[in-house]
Amino acid sequence: MLTKFETKSARVKGISFHAKRPWVLASLHNGVIQLWDYRMCTLLEKFDEHDGPVRGICFHIQQPLFVSGGDDYKIKIWNYKQRRCLFTLLGHLDYIRTTFFHHEYPWILSVSDDQTIRIWNWQSRQCISVLTGHNHYVMCAQFHPTEDLLVSASLDQSVRVWDFSGLRKKSVAPGPSGLADHLRNPQATDLFGQADAVVKHVLEGHDRGVNWAAFHPTLPLIVSAADDRQVKLWRMNDAKAWEVDTCRGHYNNVSCALFHARHELILSNSEDKSIRVWDMTKRICMYTFRREHERYWVLSAHPTLNLFAAGHDAGMILFKLQRERPAYAVHNNILFYIKDKQLRKLDMQANKDAPVMQIKGGSRHQPYSMSLNHAEFCVLVTWRIGDNCTYELYNAPREGTEVSGEPARGQAAAAVWVARNRFAALEKNNQLVIKNLKNEVSKKISTPNCDEIMYAGTGMLLLREPDCVQLLDVQQKRTIASVKVPKCRYAIWNSDMSLVALLSKHTVTICTKKLEQLCSITEGARVKSGAFDDSTPQPVFIYTTANHIKYCCKDGDFGIIRTLDVPVYVVKVLPSEGAAKVVCLDREARPKVLTIDPTEYRFKLALVTRQYDQVLHMVRTAKLVGQSIIAYLQEKGYPEVALHFVKDARTRLSLALQCGNIEVALEAAKSIDEPDAWDQLAKEALATGNHQIVEMCYQRTKNFDKLSFLYLITGNLEKLRKMMKIAEIRKDVSAQFQGSLLLGDVKERIRLLKNSGQLSLAYLTAINYKQTEEAELLKAAIEASGLPVPEANPNAEGLTPPLPVLRAQGNWPLLAVSKSFFEVAGTARAGAAGDTSAISAVADVEEPLEAGGAWGDDDVVLDKEEGEEGGEPQEDACDDGGWDVGDEDLELPEELAPIPADIDGGEDSSQYFVAPTRGVSLATGAKLKTAHDYVTTGQFEIAFRLLNEQVGIVNFEPYSETMLSMFSCGRVMFSALASLPPLQAHLHRNWKEASGKDLLPVITAKLNDLVGQLQQCYQLTTSGKFTDAIDRLQRIVRLVPLLLVDSKQELAEAQQLLTICREYLLGLQMETARKGMPKNTLDEQKRTCEMAAYFTHCKLQPVHQILTLRTALNMFFKLKNFRTAASFARRLLELGPRPEVAQQARKILQACEKTPTDEHQLLYDEHNPFNICGISYKPIYRGKPEEKCPLCGASFMPEHKGKLCPLCGVAEVGKDALGLRICPLQFQR
């Protein structure tokens, strides 16, 4: 008897198994009905509505129902899904003993101490038949499994068999004869009627009251249990029924008896505190299972599984009569297993199953285990029958040979092969003996605490002790290693014997071959079996529990692969390209092949072993979903991989913030569009210094206080003034006053106080800040109001906020780090360029649907702005010594003309401290070549001169903030002593390989940063914010001469960057001017059309080129210049616009081709190549004289020579210059 589950409760009077789910109902003597999950060993639900003991209980075979009957004379029908009683059937007049559902009809069978048997229709909720005949309490009644019969047992010492076919014909289905007769003669009446149920057999033979009677599932047999301590077996046919035999052995009332569905056995339990198992053929007791103090009252069998339950005074016990695990062994791809006393082998690759030989021992019992010696083709088979443990040694026949002789036998609890010609047997006295192939003892080893031995390779054994497993070297007779695994049941090795999985009842422990524990997993359900998948980079253990197939990696990762309806025993994992196959044996020893999806554990292994190409392949092709895989990736530090799986915006936001991907987080926040999401994004963006995103988040959530503070700390005074105006519109006087304080706007403060009626405070503010005229007016107003004029404090000082060193500070400069494997692959898959320096990459924006509207609308609303971002990498500027270094005489260092400390030459000169002469700064004394290096070291004059000579810059005012920022980024401030001001030092880029005058300053302006800003300019252009785009493009152009690049490729990219910015600046400035022009007369309209046509010749990105062509197309079509409009339409279609735009362009093209003429003559020849003048916006055709801007390369008419270039705003048109010098390679000769 193998106990599977045990409960503690009040006396159990009724038990019922669910047909499909691992559930069992127990009805108790205290009126409670318990619903247990016996697989997970948990109480699922309690039902407590009966008053007094509940004796009858039964699950419906299909519906989510069960029925109960109690001592309160009530039958209750319950729905376990709804967890409530649906209705109550009343009719019995005494205790109800049993209740059963019919397996097919909507009937309930109940018996009672009122001496009646009742059949109820639970659908109509009515009693359809009352069976009378017993003259004492009826203790039990059950339906026959297939026929229209029922059996009842009563304390009148009789068992009755009833035929209820008449009731079935009347109420359920007439049957072939009944319906035919009825239709043939509908007028005929049955004078006497047909009885609902008639007694077919009365079985008398018990000397006392009968407590239970039950049919055999397939044979015409009945078993009964009675108070005369006997279990009787009856046989019946259509004519009669008779007693076959009596099973005697119980020495108190027998409570219950039933047949075993698969074996010729009878189970009975009794008030003598025992369960007995009887051989049905020999009528002898085979096993007796006793309890100490509890009497048994009820017995129940599972309808399909080999599982029984018995109720006693203190609860319930679930048990099996024998072990169901088949005995098997695996060698390579051959599975050897024992089924029906026959050794069979299965070729798992070819799927061929064939018998090998008969197994003789063990009588009717299943073998406990088997061990295969594949070299000698010998098999050890062990049996454990109660306390009797035996083994048999078979020489298995090879193909084409016969079985030779009888097997060798012996007494041992376990027998395992340890070598080609040796096996180990564990005898009863815990002594380990080594035997040869002739079953002769060759060695003995004492193992006092060992109760099980398991295979561990040639010459090695695993010894199981109560709380550990030990590795024994058989030759040396000593223990090599040990691991603490309590009550280990099985040991499973991988193919190369490097790993072993030790299985306990609820734990899986994976160890190395030296028993070093790698991981341990605890399961809620019982662990059944397992096998290693050796096809992966690291072996993965695939194991089964009672209801799942799971996996376990050696690093401790585990998960569910699939669910199981019934337990199976894994013998081998066969890998394949896609799904893997698991070869199993079920409890009937039938081989099965289950397909499993190994993607999840292969994915985790690929991550662990850093095989990122496989990870990416699985991400794209496999269906990896679920919160578990996302949580795993988060836990292991791969949130960027988890982003590939997640579609939910909230989860994407969380993951993107975790891996610092602000762009993805912004998309997710936009789709969620809730204050909480914007707050999370703002917090993360602020931590990374992305002020632009922070500003947008605060605008979306209308968090004006934080927005004002953001503008204050980033030095954006212009937008801080806008916030003050917004506060005025919102009528938020407090915020308005705070804004004026932060801006130092005294007049605004006075005005606010005055308007708020705070005349005294306004007067004091005006006096303290020397606003005399305003103070006089306020004084007069106070006196007119009859209020006392407050006296000003003569020592009062006005509060003036310090001016920001860096105004409109941009995003913090970020380190240029290489993208992760997954980010690069994700970018490539999205179609974007993986190289961050690819300047010509198309902006990651979509073509707008409408050319007008937002495109070209320069009205800026603060709530819709995305903030301004500075074009150069900046840090906080240092203190006020910033410009002193630049004022030093670089040609004449101070050491050539030292100033003595004794200036007066007095006699007391020795009293003065003579400072040492100041040395030359390494920064200023280095061999510098580029403007970047001179700016970073603070030598601005030389930088100005270089910029003028190289790219013709004459207007240096826009450079003040940029250069100051670069200078501050090139220095570091640190404290030496607490009493001294901080010291400063210059940072160097070549500090590893150089020293002294060869040290060069750190790079403070990078090409990649400008490329990123260009992408933002693309976005601004697409959204029609031309003013902001022009401002940023000019910043990029001005910063290019201050770059420092290392290679000719980067130099070419910087020159390409200048070209792109020039084209955009020219086009956007021209478009802005065109929009501001009047369009009243025909000449004015012709001029605007000319400028729109010129705009289409600016070399812009395709998405923007489409917009320029759409604008020009519409304008020329309205002007009736159809020939030119048709040309624009063709150019537009070549760029592949959106389908709706293409359709409209084709319609216009068709209309233009009908009349291919131009009504007006314009100054525009598309076939003659030209450049556009950056001031007059007129074409300069090829061959005509023109002047160039030495910085941006823009073209101008000759008359504009000497003017300031309006595109870049800093260079002189037509000035002779050397050209861009930003690479050290350009200075080599």
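Computed from a prediction, not measured in an experiment: that's the story for all the values here.

Draft legend 1. Broad picture of the overall build of the chain. When helices and strands are tallied, the chain shows 28 helices and 61 strands. Taken across its 1229 residues, the chain has 50% of its residues classed as buried. Only carbon and sulfur atoms are counted for the fraction: they give 49% of the accessible area of the chain, which is about 59300 Å².

Draft legend 2. Looking closely at the UniProt feature "repeat: WD" (unreviewed entry) in the chain. In this numbering, the UniProt entry assigns the feature "repeat: WD" (unreviewed entry) to residues 47-88, 89-130, 131-165, 203-244 and 247-288. When the span residues 131-165 is considered, its composition is 3% helix and 57% strand, and the gap between its end C-alpha atoms is 13 Å.

Draft legend 3. Summary view of the nonpolar core. Of all hydrophobic cores here, the largest spans 95 residues; its most connected members are Leu1042, Cys1189, Leu1191 and Cys1208. The element best represented in this core is helix H24 (residues 1048-1076), accounting for eleven residues. Aside from chain neighbours lying at most four places away, what touches Leu1191 is Val951, Ile953, Val1037, Pro1041, Leu1058, Cys1208, Val1210 and Ala1211. Grouped together as the second largest cluster of nonpolar side chains are 55 residues, Cys140, Ala153, Met236 and Leu267 included.

Draft legend 4. Molecular detail of the packing of helix H7 (residues 649-658) against helix H8 (residues 662-672). Between H7 and H8, whose axes approach to 8 Å, the crossing angle comes to 150 degrees. The orientation of H7 with respect to H8, classified from their angle, is roughly antiparallel. Of the two elements, H7 crosses H8, and the hand of that crossing is left-handed. On H8, the residues that touch Ala649, Arg650, Arg652, Leu653, Ala656 and Leu657 of H7 are Val664, Ala665, Ala668, Ala669, Ser671 and Ile672. Here the contact of H7 with H8 is built from residues that sort into nine nonpolar, one polar and two charged.

Draft legend 5. Summary view of the side chain of Thr382. Relative to the helices and strands, Thr382 resides in strand S34 (residues 378-385). You can call Thr382 buried: its relative accessible area is 1%. Polar contacts involving the side chain of Thr382 include one to the side chain of Ser369, which spans 2.7 Å. Apart from the residues lying within four places of it in its own chain, the contact partners of Thr382 are Pro367, Tyr368, Ser369, Thr390, Tyr391, Ala414 and Ala415.

Draft legend 6. Seen up close, helix H13 (residues 733-743). Taken together, the buried positions of H13 are Ala735, Gln736, Gly739, Ser740 and Leu743. In a view along the axis of H13, the buried residues occupy a sector of 140 degrees, so they form one face of it. Positioned one or two residues after H13, Gly744 has a phi angle of 75 degrees, which is positive.

Draft legend 7. Up close: the sheet that holds strand S15 (residues 149-154). As summarised here, the arrangement of the four strands in space is S14-S15-S16-S17, forming an open sheet in which the pairing is antiparallel. Where the open sheet ends on each side, the last strands, each with one partner, are strand S14 (138-143) and strand S17 (198-204). Neighbour-to-neighbour, the strand axes of the sheet open up by a mean angle of 20 degrees, direction not taken into account. Inspection of the sheet shows strand S16 (residues 158-163) paired to S17 by six bridges, in the antiparallel sense. Directly across from Val159, in S17, lies its bridge partner Leu203.

Draft legend 8. Just the environment of His1104, in detail. Inspection of the secondary structure puts His1104 in helix H26 (residues 1102-1118). Given a relative accessible area of 0%, His1104 falls into the buried group. Once the C-alpha coordinates of His1104 and Tyr1064 are considered, the two residues, 40 residues apart in sequence, prove to be 9.8 Å apart. With near-sequence residues (within four places) excluded, His1104 lies in contact with Tyr1018, Thr1021, Thr1022 and Tyr1064. Within the local environment of His1104, its side chain forms a polar contact with the side chain of Tyr1064, the two groups lying 2.6 Å apart.

Draft legend 9. Quick peek at helix H10 (residues 691-700). Counting buried positions along H10 gives nine out of ten residues, so the element sits mostly inside the fold. Regarding H10, the residues found buried are His691, Gln692, Ile693, Val694, Glu695, Met696, Cys697, Tyr698 and Gln699. Residue Lys702 follows H10 closely and has a positive phi angle near 55 degrees.

Draft legend 10. Focus on the packing of aromatic side chains. Tallied over the entire structure, the rule returns 31 aromatic pairs. Ring-pair connections join several aromatic residues into one group, and the members of that group are Trp23, Phe47, Phe59, Phe66, Trp78 and Tyr80. Lying over the aromatic face of Trp297, Lys13 brings its terminal NZ or CZ to 4.0 Å of the ring centre. Over the aromatic face of Trp242 sits the side chain of Lys240, whose NZ or CZ is 5.4 Å from the ring centroid.

Draft legend 11. Representation of the environment of Lys1184 in the model. Examined against the element boundaries, Lys1184 turns out to sit in the loop between strand S59 (1179-1181) and strand S60 (1187-1188). The spacing of Lys1184 and Phe1170 is 14 residues in sequence and 9.3 Å in space, taken between C-alpha atoms.

Draft legend 12. Examining unusual backbone geometry more closely. With a phi angle near 70 degrees, Arg229 is a residue other than glycine that sits in the positive phi range. Within the fold, Arg229 resides in the loop between strand S19 (221-226) and strand S20 (230-236). When its relative accessible area of 43% is taken as the criterion, Arg229 is described as partly exposed. Positive phi is not limited to glycine here, since Phe377 has a value of about 55 degrees. Position of Phe377 among the secondary structure elements: in the loop between strand S33 (369-373) and S34. Taking relative accessible area as the criterion, Phe377 reaches 12% and is therefore assigned buried.

Draft legend 13. A nonpolar patch on the surface, seen in detail. Where nonpolar side chains cluster on the molecular surface, the patch consists of Val972, Phe974, Leu983 and Leu987 and spans about 290 Å² of accessible area. A residue is classified by how much of its surface remains accessible, and Leu983, at 38% relative accessible area, is partly exposed.

Draft legend 14. Summary view of the environment of Glu243. By the secondary structure assignment, Glu243 is in strand S21 (residues 241-248). What makes Glu243 partly exposed here is its relative accessible area of 32%. Each C-alpha atom, one on Glu243 and one on Leu221, is 9.7 Å from the other, the two residues being 22 residues apart in sequence. A distance of 2.9 Å separates the side chain of Glu243 from the side chain of Lys232, its partner in a polar contact. Within the local environment of Glu243, its side chain forms a polar contact with the side chain of Thr246, the two groups lying 2.9 Å apart.

Draft legend 15. Fine view of the pattern of salt bridges. Applying the stated rule across the entire model yields 39 salt bridges. In this structure, Arg55 engages Asp71 in a salt bridge whose closest nitrogen and oxygen atoms are separated by 2.8 Å. In this pair, Arg55 is assigned in strand S6 (residues 54-59) and Asp71 in the loop between strand S7 (65-70) and strand S8 (74-79), connecting sequence segments 16 residues apart. Judged on exposure class, the residue Arg55 and its partner Asp71 are both buried. A single network of salt bridges, built from pairs that share partners, joins Arg262, Asp586, Glu588, Arg590 and Lys592.

Draft legend 16. Representation of the sheet that holds strand S49 (residues 527-533). Strands sit in the order S49-S50-S51-S52 across an open sheet of four strands; the sheet is antiparallel. Every other strand in the sheet has two partners, leaving S49 and strand S52 (558-563) as the edge strands with one partner each. This sheet shows a mean twist of 25 degrees between the axes of neighbouring strands, independent of strand direction. Bridge count for strand S51 (residues 548-553) against S52 is five bridges, and the pairing is antiparallel. Its bridge partner lying in S52, Ile549 is registered against Arg562. Sheet contacts for helix H3 (residues 599-608): S49, strand S50 (540-545), S51 and S52; angle to S51, the most-contacted strand, approximately 10 degrees.

So, how was this worked out
Residues numbered from 1 in each chain as written. Predicted model: local features only at pLDDT ≥ 70, side-chain atom pairs only at ≥ 80, totals over all residues. Heavy atoms only, no water. Helix = DSSP H or I, 4+ residues; strand = E, 2+ residues; numbered from the N terminus. Buried < 20%, exposed > 50% of the residue type's maximum accessible area, 1.4 Å probe, protein only. Areas by Shrake-Rupley, 256 points an atom, 1.4 Å probe, with all protein chains shown as cover. UniProt positions renumbered as here; feature names shortened; annotations may be inferred. Core = buried A, V, L, I, M, F, W, Y, C linked by side-chain atoms within 4.5 Å. Contact = heavy atoms within 4.5 Å. Axes fitted to C-alpha atoms, helices over the stretch in contact; angles between N-to-C directions. Parallel < 35°, antiparallel > 145°, perpendicular 65-115°, else oblique. Left-handed = near helix turned anticlockwise from the far one by under 90°. Nonpolar A, V, L, I, M, F, W, Y, C, P; charged D, E, K, R; others polar. Polar contact = N/O pair within 3.5 Å; in protein donor to acceptor, adjacent residues only side chain to side chain. Arc of directions from axis to C-beta. Pairing = 2+ DSSP bridges. Phe/Tyr/Trp six-rings, centres within 6.5 Å; stacked < 30°, edge-to-face > 60°. Lys NZ or Arg CZ within 6 Å of the ring centre and 35° of its normal. Patch = residues over 30% accessible without salt bridge, like charges linked within 9 Å, V, L, I, M, F, W, Y side chains within 5 Å. Salt bridge = Lys/Arg side-chain N within 4 Å of Asp/Glu carboxyl O.

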